[in-house]
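Chain and residue survey
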Amino acid sequence: MTIFSAPLSISPIHAFDDNLIWCLNRKETDHVVVVDPGEAKPVIDWLKTNAKRLGGILITHHHGDHTGGIKELVDYCRTSYGQAPTVYGPQSCLSKGVTSVVHEASQIHLKTLGVTLQVLFVPGHTNDHLAYLMNEESNQPAAVFCGDTLFAAGCGRLLGGTAEQMFDSLNRLAALPPQARIYCAHEYTLGNLLFAKAVYPDSPAINERLIKVQGLRSQNRLTLPSTIAEELLTNPFLGCASAMEFGHLRQAKDQFRSN
Ligand SMILES: [Zn+2]
């Protein structure tokens, strides 16, 4: 595999109201890989602006706001430079355009980016949910693209998976190295922290993060990526002792209104 001197960049591409399509790219190569393109247009605009080609797509789960842009992007690549990107994802997404089915323990070698990803099966939000883990390298900490499983200060709703599955999946992610970066698919941090504060009103870490995040959001800036260390301190869903406790907390969040 090619050794690159500059670190990999992971750039956010905004889609819909609060979706983030993460784009893995490097200065030295014109190939990029995107995660969960729910929409094609913002990705195509990014490719044109940055003079890059789409070499691959990673899909975490079947929801339309994560898969809706696949077909248009594949058509765009075929038309523009005669080559379709490889689309990695779960078996359930074959009809949405996945061309390379991956599952727990699959390894993906993104040769043009010099990156290897490990696939984790993390059901709970849906029963087909995958995460893509980039292990620590010499010049950068680990990163995980976890879709709608773990959010900054929160987690995805149970829309097909069970509380037991989500509890296990979150514990798995929580056991990653503390410095691992969390690239989730939505900017939900502020709403999640308001819930966290309602559950743990006296937590200094939650209060401190809430102030920081309110500041960032008031300037329309992103609060992501987060880190496992930050989540262990401030994410109420990582503090549950059992799947039952997790299930109750998740139900409370589903009904929570911050105002
Ligand atoms: Zn989803």
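Conventions and cut-offs
- Residues numbered from 1 in each chain as written.
- Predicted model: local features only at pLDDT ≥ 70, side-chain atom pairs only at ≥ 80, totals over all residues.
- Heavy atoms only, no water.
- 1 Å grid on protein atoms, 1.4 Å probe; cavity = no way out; pocket = protein on both sides within 12 Å on 5 of 7 lines; lining within 4 Å.
- Points joined across faces, edges and corners; volume = space filled by probe spheres on them.
- Helix = DSSP H or I, 4+ residues; strand = E, 2+ residues; numbered from the N terminus.
- Nonpolar A, V, L, I, M, F, W, Y, C, P; charged D, E, K, R; others polar.
- Donors = N, O, S within 2.8 Å, 3.2 Å for Na, K, Ca; no water.
- Buried < 20%, exposed > 50% of the residue type's maximum accessible area, 1.4 Å probe, protein only.

Our focus in this paragraph is the layout of surface pockets. For the largest pocket, the calculated volume is near 300 Å³. Forming the walls of the largest pocket are 16 residues, and the residues nearest its centre are Phe151, Arg157, Tyr188, Arg250 and Lys253. Mapped onto the lining of the largest pocket, the elements with two or more residues apiece are helix H5 (189–199) and helix H8 (243–254). Residues belonging to the lining of the largest pocket are distributed by class as follows: 5 nonpolar, 7 polar and 4 charged. Taken together, 16 residues form the lining of the second largest pocket, with His31, Gly55, Gly56, Thr86 and Thr112 sitting closest to its centre. Only strand S3 (31–35), strand S4 (53–58), strand S5 (86–89) and strand S7 (107–110) provide two or more residues apiece to the lining of the second largest pocket. Ranked by residue count, the leading element in the lining of the second largest pocket is S4, at 4 residues. Tallied by class, the residues present in the lining of the second largest pocket amount to 7 nonpolar, 7 polar and 2 charged.

Attention now moves to the coordination of the zinc ion. Surrounding the zinc ion are the protein donor atoms His61 (NE2), His63 (ND1), His125 (NE2) and Asp148 (OD), at 2.2 to 2.3 Å. Along the chain, the residues donating to the zinc ion fall in the pattern H-x1-H-x61-H-x22-D. For His63, a relative accessible area of 17% corresponds to the buried category.

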